[in-house]
Amino acid sequence: MQHRPTSRTTRRNPSGRLPGTRLAQRLAWSALAAALVGVLWASSASAHAMATRTTPASGAVLDAPPGEVVVEFNEPVTPVDAATGVVAPDGDRADTGVERSEDGTAITIALDSAPTADAEGTYLVSYRVVSDDGHPVSGTFTYSVGAETEPPSAEALTAETDPLVQALLYGNRWFGYGALALALGAGVLLVLGARPRDAVARLVAVGLSVVAMTAVLGLPLQAAYETGTTVSGLDAAGLQSVMESNMGLAALLRLLLVLLALPLLRVAVTAAEAPKRTLAAGLAAVGLGLAATWPLAGHPMATEPRIVAFIADGVHLVTSLTWGGGVLVLLLLALRRDGAIPDRAAETWAALVPWLVANLLVAGLASALLHIDSIAALTDTRYGRLVILKTAIFVVLVAVGLFTRRALLRGAEGRRRLRIAAGVEVAFLAVVMAAVAVLVQAVPAKTALLETETAEAASTETATLVTTDVYAAQVVLEPGRPGPNSVRILADDLAGGPFAAVEWEAEYGMDGEETETLRLIELRTGILAGEVSLPAAGRWVFTFTLTDAEGNSATAEAAVDVS
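The structure displayed is predicted, hence computed values, not measured ones.

Description of the overall build of the protein chain
Working step 1: Helix and strand counts for the protein chain come out as twelve helices and 18 strands.
Working step 2: A fraction of 69% describes how many contacts in the protein chain between residues 6 or more apart in sequence connect residues 24 or more apart.
Working step 3: As presented, the protein chain carries roughly 27500 Å² of accessible surface, and 59% of it is formed by carbon and sulfur atoms.

Below you can see the structure in the form of structure tokens.
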């Protein structure tokens with residue numbers, strides 16, 4: 001029986017280089033070449049669905065009730081019927097069904113065509129849809145028939161993500177990543193000849209088993225997340241919707257690949273020698289297939305160019321998890337008395353890690369360019385800040401990895417240092433996986449920044465204060481840009497209370513040009529509202545006369561600059 005020596009002299013080839021150095025250099029150069037292609041190919045992307053247009057328009061005042069409401073999106077979506085509909089002014093549902101367009105980029109909400117006595121007033125439209133990357137997107141807007149009233153409550157259509165479901169989804173994804181890392185890392189070291197072979201094979205089997213378990217548990221969690229219910233409140237329709245989506249397909253493929261890997265693993269363990277190249281290639285193919293199931297049901301499916309996003313995400317995942325899983329297995333073997341890593345296996349792994357890190361860096365850069373296109377997207381969004389966190393930890397990991405590599409190549413002499421360095425590396429990798437579990441659930445940076453800018457633009461308003469001998473009023477124009485605008489007049493009497501107008505007249509027009517009548521309705525005492533369309537930028541003058549029940553009357557003129 002041959003025993004591993006307590007010390008060794010590292011073999012060198014005639015050129016004086018360490019074994020595996022030439023391999024590491026070749027792999028690093030290939031990764032850098034891929035970097036150029038990936039970075040140049042990474043172009044503009046759009047991930048996460050957004051509503052781009054509604055019919056009727058938000059805030060529109062119609063003469064007659066519409067027969068349907070249409071919401072258009074920038075990418076295909078699937079509506080959550082229970083959380084999508086229209087609430088009438090009296091608080092009752094006014095919708096009769098939801099349909100999805102052929103290309104999936106629009107939903108149509110059919111409305112009750114039966115006329116009612118209280119059809120006039122403000123209607124609330126609420127929608128909840130699921131984008132191709134599996135994320136639910138919610139939104140609301142209002143329109144009015146005849147006249148504006150106080151918007152109704154959306155309680156009948158409320159659907160928010162349950163915090164417990166969100167936490168369980170994060171945890172399930174973290175365990176899935178960790179299990180795949182264990183399977184990939186142990187599989188590579190098993191092929192390289194790490195001992196004892198049966199113990200390393202068990203690590204692969206444990207990893208595959210947990211991957212299968214998280215695939216099954218992820219389906220009801222994803223269904224509850226999409227429909228905005230608790231796990232206990234999930235119905236068959238929600239689960240069926242997930243099963244028919246990319247999420248369901250990815251989970252099914254994950255289970256099939258695990259079943260395919262088990263007999264290959266058994267052959268690898270029971271063979272008298274180390275696994276042959278064909279068997280090793282089969283295990284590698286299964287591992288790559290498993291890793292590909294995650295981007296199949298994530299952001300890449302809603303990002304253009306899709307093939308670049310898919311490859312970048314897949315390479316990023318498989319290289320990072322193989323690296324992390326390998327370090328974890330090295331730690332576990334270092335903690336076992338009978339654990340051993342032959343010289344050639346240690347040298348090959350040491351040469352393989354730089355290639356994994358290079359590909360990880362390249363794929364991460366390409367993926368970041370697809371989702372982050374500005375400093376603001378990097379610093380002002382949750383997605384961008386998580387990327388910064390990942391990058392910082394990555395730098396630390398590379399530094400710690402140098403100590404792990406040195407301890408590994410020292411054999412038995414570096415065993416104690418290997419435990420420390422690998423333990424620190426595994427701890428940081430666990431934090432990275434937690435960040436990734438949250439990152440894949442976050443709205444991509446470019447989309448998040450666009451949503452913020454859109455919300456800020458939609459909430460802008462221009463206010464002008466005017467005073468008379470009878471009242472003081474504030475004229476609010478929203479959004480204060482050319483096009484459709486809402487006008488509100490907030491009037492107070494001289495005592496500071498709401499001015500109770502019983503009669504009013506108003507008109508508006510570009511400064512120095514002919515005016516038009518402004519139709520106003522009373523929202524409540526002291527607040528009048530109306531809608532105008534301003535075709536051009538410039539100074540618009542709003543003139544109005546308010547009269548109370550005692551006959552006190554005054555005319556005010558407010559000039560508003562629209563840009």
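Continuing now.
A closer look at the packing of helix H7 (residues 306–335) against helix H8 (residues 343–371)
Working step 1: Where H7 contacts H8, the two axes come as close as 8 Å, and the packing angle between them is 145°. Our pair here, H7 against H8, has a crossing hand that is left-handed.
Working step 2: Residues that form the contact of H7 with H8 fall into these classes: 15 nonpolar, eight polar and one charged.

Structural notes on helix H10 (residues 382–409)
Working step 1: Spanning 28 residues, H10 covers 40 Å between terminal C-alpha atoms, matching the ideal 40 Å at 1.5 Å per step.
Working step 2: Immediately beyond the C-terminal end of H10, within one or two residues, lies Gly411, with a positive phi of roughly 65°.

Quick word on the sheet that holds strand E13 (residues 501–510)
Working step 1: Taken in spatial order, the four strands line up as E14-E13-E17-E18 in an open sheet, and their pairing is antiparallel. Either end of the sheet is taken by a strand with one partner, and the two such strands are strand E14 (516–517) and strand E18 (553–562).
Working step 2: Sheet topology note: the E13/strand E17 (residues 538–548) ladder contains nine bridges and is antiparallel. Across the sheet, the residue bridging to Glu505 is Thr545, located in E17.

Brief notes about the packing of aromatic side chains
Working step 1: Under the defined criterion, the tally for this structure stands at nine aromatic pairs.
Working step 2: Geometrically, the ring pair formed by Tyr123 and Tyr143 is stacked, given 5.2 Å between the ring centres and 0° between the ring planes. Taken as a pair, Tyr123 in strand E8 (residues 121–131) and Tyr143 in strand E9 (residues 136–145) lie far apart in primary sequence, 20 residues in all. Per residue, the accessibility class of Tyr123 equals that of Tyr143, and both read buried.
Working step 3: Each ring, one from Tyr508 and one from Trp540, has its centre 6.3 Å from the other, and the planes form 35°; the classification is tilted. Taken as a pair, Tyr508 in strand E13 and Trp540 in strand E17 lie far apart in primary sequence, 32 residues in all.
Working step 4: Since its relative accessible area comes to 6%, Trp540 is described here as buried.
Working step 5: Aromatic ring contacts, followed pair by pair, group Tyr471, Phe499 and Phe544 into a single cluster.
Working step 6: The residue whose ring lies beneath Arg254 is Trp294, and the NZ or CZ to ring-centre distance is 3.8 Å.

A closer look at the side chain of Ser144
Working step 1: Note that Ser144 resides in strand E9.
Working step 2: A distance of 2.8 Å separates the side chain of Ser144 from the side chain of Thr122, its partner in a polar contact.
Working step 3: For Ser144, the contacting residues outside a window of four places in its chain are Ala60, Val61, Leu62, Gly121 and Thr122.

Details of the packing of H10 against helix H11 (residues 415–439)
To describe two helices that pack against each other, one gives the angle between their axes and the distance between the axes.
Working step 1: In the contact formed by H10 and H11, the axes pass within 9 Å of each other and the chain directions differ by 160°. Comparing the axis directions of H10 and H11 gives the class roughly antiparallel. In the crossing of H10 with H11, the sense of the turn from one axis to the other is left-handed.
Working step 2: In terms of residue class, the contact of H10 with H11 is made up of 23 nonpolar, two polar and four charged.

Here's the deal with the pattern of salt bridges
Working step 1: Here the structure, examined in full by the defined rule, presents five salt bridges.
Working step 2: Between Arg93 and Asp95 there is a salt bridge; the shortest N-O distance is 2.7 Å.
Working step 3: Looking at Arg93, the relative accessible area reads 39%, which means it is partly exposed.
Working step 4: Overall, Asp95 belongs to the buried group, its relative accessible area being 14%.
Working step 5: With its nearest N and O atoms 3.7 Å apart, the salt bridge here joins Arg202 to Asp198. Note that Arg202 and Asp198 are positioned in helix H3 (residues 197–227) at a spacing of four residues, about one turn of the helix.

Points about the pairing of strand E12 (residues 483–493)
Working step 1: Here strand E11 (residues 471–478) pairs with E12 via eight bridges, running antiparallel. Across the sheet, residue Val475 finds its bridge partner in E12, namely Ile489.
Working step 2: If you look at the hairpin formed by E11 and E12, you'll find four residues sitting between the two strands, and Gly480 has a positive phi there, around 80°.
Working step 3: Bridge analysis of E12 against strand E16 (residues 527–534) gives eight bridges, and the strand direction is antiparallel. Within E16, the residue paired with Pro484 across the bridge is Ser533.

Structural notes on the pairing of E18
Working step 1: Side chains of E18 alternate between two faces, with Ala554, Ala556, Ala558, Val560 and Val562 buried and Ser553, Thr555, Glu557, Ala559 and Asp561 left unburied.
Working step 2: The sheet contact formed by E17 and E18 spans ten bridges and is antiparallel. Note on E18: the bridge partner recorded for Gly538 is Val562.
Working step 3: The hairpin turn running from E17 into E18, its antiparallel successor, is four residues long, and Gly551 in that turn takes a positive phi close to 90°.

What counts, and at which threshold
- Residues numbered from 1 in each chain as written.
- Predicted model: local features only at pLDDT ≥ 70, side-chain atom pairs only at ≥ 80, totals over all residues.
- Heavy atoms only, no water.
- Helix = DSSP H or I, 4+ residues; strand = E, 2+ residues; numbered from the N terminus.
- Contact = heavy atoms within 4.5 Å.
- Areas by Shrake-Rupley, 256 points an atom, 1.4 Å probe, with all protein chains shown as cover.
- Axes fitted to C-alpha atoms, helices over the stretch in contact; angles between N-to-C directions.
- Left-handed = near helix turned anticlockwise from the far one by under 90°.
- Nonpolar A, V, L, I, M, F, W, Y, C, P; charged D, E, K, R; others polar.
- Expected span 1.5 Å × (residues − 1).
- Pairing = 2+ DSSP bridges.
- Phe/Tyr/Trp six-rings, centres within 6.5 Å; stacked < 30°, edge-to-face > 60°.
- Buried < 20%, exposed > 50% of the residue type's maximum accessible area, 1.4 Å probe, protein only.
- Lys NZ or Arg CZ within 6 Å of the ring centre and 35° of its normal.
- Polar contact = N/O pair within 3.5 Å; in protein donor to acceptor, adjacent residues only side chain to side chain.
- Parallel < 35°, antiparallel > 145°, perpendicular 65-115°, else oblique.
- Salt bridge = Lys/Arg side-chain N within 4 Å of Asp/Glu carboxyl O.

Note that every value here comes from positions in space, so none of it alone points to a role or purpose.
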